[in-house]
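Here is what each chain is made of, one letter per residue.
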Amino acid sequence: MTDVIEKNGNDISLLNGEFHHYVQAKGLLERIPFRDMATTDFMRNYEYPINSWPFFVSPELVASMQEMNANILRMTYKAVRAVFSEDPMKMAAAMNMDPVRCPFFFNGVEFTDICFRTDAILTDDGLKLVEVNVGTAIGGWQIQWMDEAFRQFDGYREFFDRNAVTCRNTPVTFFKFLIESAAKVARGARVHILVKVRAGFDAGVYGSFLQQYIAAAVREAAIDCDIGFFASVDAPGGAPEG
C-alpha cells in the first residue's frame, strides 16, 4: 500500500516523492502528535481520523480541479431545473428541503454566490466525482489546522523551510465569501451575518482558533460587518455545523 501511495503522490506532484525520501532519511515514520499539538480542547478531542503526513498537489492539478468544479456547478444547476421543471414545491418535496430556499435555484442564481465543495477520487482515468456538498456547512476547515500542525512539527520544519509550499486558508476564504456575498445584498449598509450552529456551543472550546480567521476575513474583505452565531432564535450559541 505504501508503494501505491508513493506512486500516486509522485503522479500528482514530484514534491510528494521528495517528502517521502525526506521522512525516510530522517526516520520520521510515526504519526505526528496532532492532538498533543492542538491549542484547544476541541482539537485535542477531534473525533475523526487524521492523515499522518502532508500531501502536495501541483499547480496543474489545482487548475484541473478548478475547471472540474466550475463545470460541475453549471451542470448541477441545469439538472436541477430540468428534473423539477422549475417547480419549487416539487423540488422541496423530493429533496426534503425548506420550500423557501428552492425558488433561488430557478431565478438565475449567480454562480459566484453559491458555496459548494466537491469530493472526488483520483483514478487512472483522472478525477471522478463522488459527492457535491452545497450550502454553508461544507467543511474543509480541518485542512488549515493540519497545515499549521505540519509546519510546526519540528521534524518537518526543515522540509517546509526549503520548499515554498502554500495552502489556501479555508476558514478565512469561507468567511470572506460570506461577507462579500452579504455586502451585495446590504447595498452599502452595514453587514450583519448570523451563522446557524448546533446547540451546546462553548466559545471557550473554539476560542481564538475561530476568531482569528473571522478577523482575517473581515480585514481582507475590507467591509464593515458583524458576525454572530446562534443555535435558535431564543437561544444564542452552538457549535459550527461545518
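Before any of the text, the structure's been laid out above.
Residues numbered from 1 in each chain as written. Predicted model: local features only at pLDDT ≥ 70, side-chain atom pairs only at ≥ 80, totals over all residues. Heavy atoms only, no water.

**Student:** Explain the overall build of the protein chain residue by residue, including any values.
**Tutor:** Helix and strand counts for the protein chain stand at 11 helices and 6 strands. Out of the 242 residues in the protein chain, the part that is buried amounts to 33%. Pairs at least 24 apart in sequence give 67% of the contacts found in the protein chain among residues at least 6 apart. In the structure as shown, the protein chain presents an accessible area of about 15,300 Å², 55% of it carried by carbon and sulfur atoms. (Helix = DSSP H or I, 4+ residues; strand = E, 2+ residues; numbered from the N terminus. Buried < 20%, exposed > 50% of the residue type's maximum accessible area, 1.4 Å probe, protein only. Contact = heavy atoms within 4.5 Å. Areas by Shrake-Rupley, 256 points an atom, 1.4 Å probe, with all protein chains shown as cover.)

**Student:** A description of the pattern of salt bridges should follow, citing residues and the corresponding values.
**Tutor:** Per the stated rule, a full pass over the model turns up 8 salt bridges. The salt bridge partner of Arg151 is Asp147, with a shortest N-O separation of 3.0 Å. Linking Arg151 with Asp147, this pair stays in helix 7 (residues 142–152), spanning 4 residues, or about one helical turn. Assessed through its relative accessible area of 29%, Arg151 is described here as partly exposed. Judged by relative accessible area, Asp147 falls into the buried class, the value being 14%. (Salt bridge = Lys/Arg side-chain N within 4 Å of Asp/Glu carboxyl O.)

**Student:** I'd like a description of the nonpolar core, backed by residues and values.
**Tutor:** By size, the foremost hydrophobic cluster in this structure holds 41 residues, and its most contacted members are Phe34, Phe56, Trp145, Phe150, Tyr156, Phe175 and Phe229. When residues of this core are traced back to their parent elements, those giving at least two are helix 2 (14–26), helix 7, helix 8 (154–162), helix 9 (170–186), strand 3 (191–198), helix 11 (208–221) and strand 4 (225–232). Broken down by element, this core gets its largest block of residues, 7 residues, from helix 11. In contact with Phe175, not counting residues within four places along its chain, are Val195, Leu210, Ile214, Ala217, Ile227 and Phe229. Core analysis: the next-biggest nonpolar cluster, separate from the first, contains 7 residues, Phe84, Met91, Met97 and Cys102 among them. (Core = buried A, V, L, I, M, F, W, Y, C linked by side-chain atoms within 4.5 Å.)

Taken by themselves, the reported measurements are silent on function.
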